Amino acid sequence: MASPDRRVVLTGLGVLSSIGTGVEEFTAGLRAGRSGAGPITVFDTAGFEHSTGCGLGAFDAAAWIRNLPVDSLGPATRFSVSAARMAVADAGLDLGALRERPGVISIGTTDGESRDLDELVETQLAHGHAAMDPRVARRLRAARLSSAVALELGLTDVEAVTIPTACAAGNYAIGYGYDAVRSGDADFALCGGADAMCRKTFAGFYRLGTIAPDLCRPFDVDRKGILTGEGAGVLVLEDLESALARGARIYAEVLGYGLNCDAYHQVAPDRSSVARVMALALENAGVKPHEVDLVSAHGTGTKANDITESQAIREVYGDRPPRTVSVKSMLGHTMGAASALAAIACALAITHRFIPPTINHSRTDPECRIDCVPNHAVEADLRIVQNNGLGFGGNNAVAVLGRYEESR
């Protein structure tokens, strides 16, 4: 069980998503069941029979990035830096004071700067390696997703790590930040995930036959697969005493998390391993299954994931599992940002007392047997929410958030 000595709370949120930028827009999008799906425009989709995705559109990174040259950053790094600045502003933190405190920056990713890599490879094939832009090449290191946050915000007493555990990376990063703050190694953490859509990953999922032709329909009997998406989610974590002392708004408390890596299969999830990581998270959080009010599922909309995950949920929770939703039905699969954005959705659901829906839903697959809150948000008094992140290679991470209560 997590130590009760230093409680960790979530006080700031930075959001870039296809359904809204910033906390207010994102909350409204979740409540409305807004779809971020549309034609992919960030790379050439010629030759693909279908090419729907969930892009950010015309996001102006220069509105948020003030100290670094924007063109020195790759697209995913622009997302992570912008979301981090949003999160610090949302938390009401004074950057001058923050610079005097030890902290952690942990950003998860699947692709790093693969969109830039796509561009360089395309240039090399067409014109030779001498034509490749060295400015783009300098942007490629995935470590920049976290280190650029420190540079932009002027944070020098921080550990900055990029965590590349595929589609579970956002939750991994949250767990990393949680441990640092809970143990007292850091006073604060900026943690989450970021990824930009790229041709490489879209083509890979397409060749696997897991790209939906139009919409993502998690748990639906007629689901056809994922929609690739992009974005970033960054959360500010700090210890409770600090938050109360400065009168911070507390969205939620981080109660605990669980990690495992089963290495069962490169892409197929393993039910027993998924059930085990959920049980580990509940144990770490000191939470009993009957206390959980909502599960935010990984919920990709593929045949294998949705059946495996819902069966694992029933293995942990029995025949009456909590309502289980997938925000990927709205956001698409944002890769390394996915579980970070879902964690933010969980915190907002706790704060505003509603459950976001699983949209594009007609009929639940009988093999899934969960209440996925189809199509319309519902009001709900949520105390504890579980957020699942399941990644390729069996990298699984589950975070547990709760409403802040003085007596916990």
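In this text the structure is predicted, and so the values were computed from the model without any measurement.

So, how was this worked out
Residues numbered from 1 in each chain as written. Predicted model: local features only at pLDDT ≥ 70, side-chain atom pairs only at ≥ 80, totals over all residues. Heavy atoms only, no water. Helix = DSSP H or I, 4+ residues; strand = E, 2+ residues; numbered from the N terminus. Rg over C-alpha atoms; globule rule 2.2 N^0.38 Å. Buried < 20%, exposed > 50% of the residue type's maximum accessible area, 1.4 Å probe, protein only. Contact = heavy atoms within 4.5 Å. Areas by Shrake-Rupley, 256 points an atom, 1.4 Å probe, with all protein chains shown as cover. Lys, Arg positive; Asp, Glu negative; His and termini not counted. Charge placed at Lys NZ, Arg CZ, Asp CG, Glu CD. Expected span 1.5 Å × (residues − 1). Pairing = 2+ DSSP bridges.

Participant: Whenever I open this one, the overall build of the chain confuses me. Can you help?
Facilitator: Secondary structure summary: the chain contains 13 helices and 15 strands in total. Taken over the C-alpha trace, the chain has a radius of gyration of 20 Å; the compact-globule value for 408 residues is 22 Å, and the two agree within 12%. Projected onto its principal axes, the C-alpha positions of the chain cover 65 × 55 × 40 Å. Counting every position in the chain, which comprises 408 residues, the buried fraction comes to 60%. When contacts within the chain are restricted to residue pairs at least 6 apart in sequence, long-range pairs at least 24 apart make up 79% of them. A total of about 15,600 Å² of accessible surface is found on the chain, and carbon and sulfur atoms cover 50% of it. With 38 positive and 48 negative side-chain charges, the chain shows a spacing of 2 Å between the two charge centroids.

Participant: I'm lost on helix H7 (residues 169-183) in this one. Help?
Facilitator: Note on helix geometry: an α-helix contains 3.6 residues per turn, so any two residues three or four positions apart are oriented the same way. Under the 1.5 Å per step criterion, the end-to-end length of H7 is 21 Å for 15 residues, consistent within 8% with the ideal 21 Å. With respect to burial, H7 is a largely interior element, 11 of its 15 residues being buried. Within the span of H7, buried status applies to Ala169, Gly170, Asn171, Tyr172, Ala173, Ile174, Gly175, Gly177, Tyr178, Ala180 and Val181. Backbone geometry just after H7 places Gly184 at a positive phi near 90°.

Participant: Hey, could you run me through the pairing of strand S9 (residues 252-261) in this one?
Facilitator: Successive residues of a regular strand alternate their side chains across the two faces of the sheet. Burial analysis of S9 places eight of its 10 residues in the buried class, the great majority of the element. By the bridge criterion, three bridges tie strand S1 (residues 8-17) to S9 in an arrangement that is antiparallel. Residue pairing across strands places Val8 opposite Val254, the latter belonging to S9. Pairing of S9 with strand S15 (residues 395-402), which is carried by eight bridges, proceeds in the antiparallel orientation. Bridge pairing links Gly258 to Val398 in S15.

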